[in-house]
Amino acid sequence: MSQDADGTDARGRPYFFLSYAHTPSYDAAMDPDLWVHRLFQDLSYHVMAMTDHPAGLPVGFMARQMRLGEHWSERLAEALANCRVFVPLYSPRYFRSDMCGKEWYAFSRRASRKSLLQQGAAAPAIVPALWVPVRHEDLPHAARDVYADHRAFGDDYAAEGLYGLMKLRYLRNEYERAVYQLAKAIVTAAERRPSPAGRPLDLEEVPSAFEPRTGSRRLRIVVAALSTRHELPPGRSPDCYGPSIVDWNPYRAGVWGGDHRPLAEVAAEEVRRLDYLPTIEPLHEAAGEPLTGEQPDGPAVVLLDRWALADAEQRELLARMDQAARPWVSVVVPRDRSDPDDPASGTELQQTLEKTLARTLQRGRSVSRVATSGVPSPDAFADVLPTLIQWAAAQFVRYAPVHPPEGPAVHRPRLRGPVPGITGPAEEAADDRRP
């Protein structure tokens, strides 16, 4: 029977937590983490075959399995507290990820103080996997303290990483070998270094296990909606609103049930999962420099309530945003199709929306027609939001103005050929051979 260090039955707990850095998307039609998910499936298959893990229970965990709005940080913390082995997927991007550093910290610190004081208590098991080769000198101290002999899985694995083995057809057999060996290492670590389940930690509060970096990627979540502090327009129910504009959630009053948090908070969890630092602001606070000015500090995703267009002030702010036409500002229009409010008002609002945000909607349709025409459900919102986040971030890198530091410009050095009267080693050697 599989037991933890404290003698409790470990059966049913997932064997491994696959920790990985999300790859930014450059194509809205492609899933940038598809290959990581395929690795997860292959690992799960092998671990299941090597153990007596109960059927029907997940043998591993990765964040891609979660749906937006299901209290993402809480479920992630619970998985980190219960999985037996932590499998970090090494890559240069991994060690620049604040979220990956938090996951590493939460797993490595989960052992209780009591168990650490017990004689022979095992530290939590960490089994690194090489996704893309990383030089040892580029590893943070937390990773340098974890033994990882990558050549034990084959020279090609150490040279190319799992991603390279997957993408190069002639190395397919080496991929199968490496994944099998990695699965064996996970099972061995779970059995030789059993540790009890821990207490879930608040991932918002824990630090990163990696050295802190400056310049965390920032992304604004801007809410253009109404609030119950003001008089709602005729035909609009207050069920979707709260005291503040940012409390809006259009799915709260529908048939969906479940998560009744503000939609901006739900979106912020997805932003953090993609390793951006989110800020939540109402439209009137962000409509200046961030959305229309010449010196933005990051991309933005606007959550737009169509009923906000009934408010003259917000309609004017949205029109200004449309005229500015910043490509790093994405707009999504969540709209519950089961909303019982007057359908005639909905038709009028849609016409106003098309007129007010003509340029923005035209640009947005090239990324996602669902986002601009009305996202009908929480599941549809979960599907479209990551694409909009990654698209806005990519456009910011591509188009945002760059402002060099103050001071005189330093010209690039250029090679202009030999300078008359100055000889180099080749010319000196030639002179020595002359009679």
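Preceding block: the structure.
Below is a short write-up of the structure. (Residues numbered from 1 in each chain as written. Predicted model: local features only at pLDDT ≥ 70, side-chain atom pairs only at ≥ 80, totals over all residues. Heavy atoms only, no water.)

**Some thoughts on the environment of leucine 34**
Line of reasoning, step 1. With respect to the helices and strands, the residue leucine 34 is situated in helix 1 (residues 34–50).
Line of reasoning, step 2. Leucine 34 sits 30 residues away from arginine 64 along the chain, and the two C-alpha atoms are 9.6 Å apart. (Helix = DSSP H or I, 4+ residues; strand = E, 2+ residues; numbered from the N terminus.)

**Some points on the packing of aromatic side chains**
Line of reasoning, step 1. Scanning the model with the defined rule gives 13 aromatic pairs in all.
Line of reasoning, step 2. Arranged with centres 5.6 Å apart and planes meeting at 55°, the rings of phenylalanine 16 and phenylalanine 40 form a pair that is tilted. With phenylalanine 16 in strand 1 (residues 16–19) and phenylalanine 40 in helix 1, the pair connects residues that are 24 residues apart, well separated along the chain.
Line of reasoning, step 3. According to the relative accessible area criterion, phenylalanine 16 is buried, its value standing at 0%.
Line of reasoning, step 4. Judged by centre distance (4.9 Å) and plane angle (65°), the rings of tyrosine 90 and phenylalanine 95 are edge-to-face.
Line of reasoning, step 5. Given the relative accessible area of 11%, phenylalanine 95 is considered buried.
Line of reasoning, step 6. Taken together through their ring pairs, the aromatic side chains of Phe17, Phe61, Phe86, Tyr90, Tyr94, Phe95, Trp104, Phe107 and Phe210 make up a single cluster.
Line of reasoning, step 7. Sitting over the face of the ring of tyrosine 15, arginine 84 holds its NZ or CZ atom 3.9 Å from the ring centroid. (Phe/Tyr/Trp six-rings, centres within 6.5 Å; stacked < 30°, edge-to-face > 60°. Buried < 20%, exposed > 50% of the residue type's maximum accessible area, 1.4 Å probe, protein only. Lys NZ or Arg CZ within 6 Å of the ring centre and 35° of its normal.)

**Description of the nonpolar core**
Line of reasoning, step 1. Ranked by internal contacts, the top residues of the largest apolar core, which has 61 residues, are Phe16, Val85, Leu89, Trp104 and Leu162.
Line of reasoning, step 2. Counting residues per element, this core draws most heavily on helix 7 (residues 172–192), at nine residues.
Line of reasoning, step 3. With sequence-adjacent residues up to four places away left out, leucine 162 is seen in contact with Leu39, Leu89, Ala129, Leu130, Trp131, Tyr157, Tyr175, Ala178, Val179 and Leu182.
Line of reasoning, step 4. Trp248, Val302, Leu309 and Val329 belong to the second largest nonpolar core, which has 55 residues in total. (Core = buried A, V, L, I, M, F, W, Y, C linked by side-chain atoms within 4.5 Å. Contact = heavy atoms within 4.5 Å.)

Read these as spatial facts, not as claims about activity.
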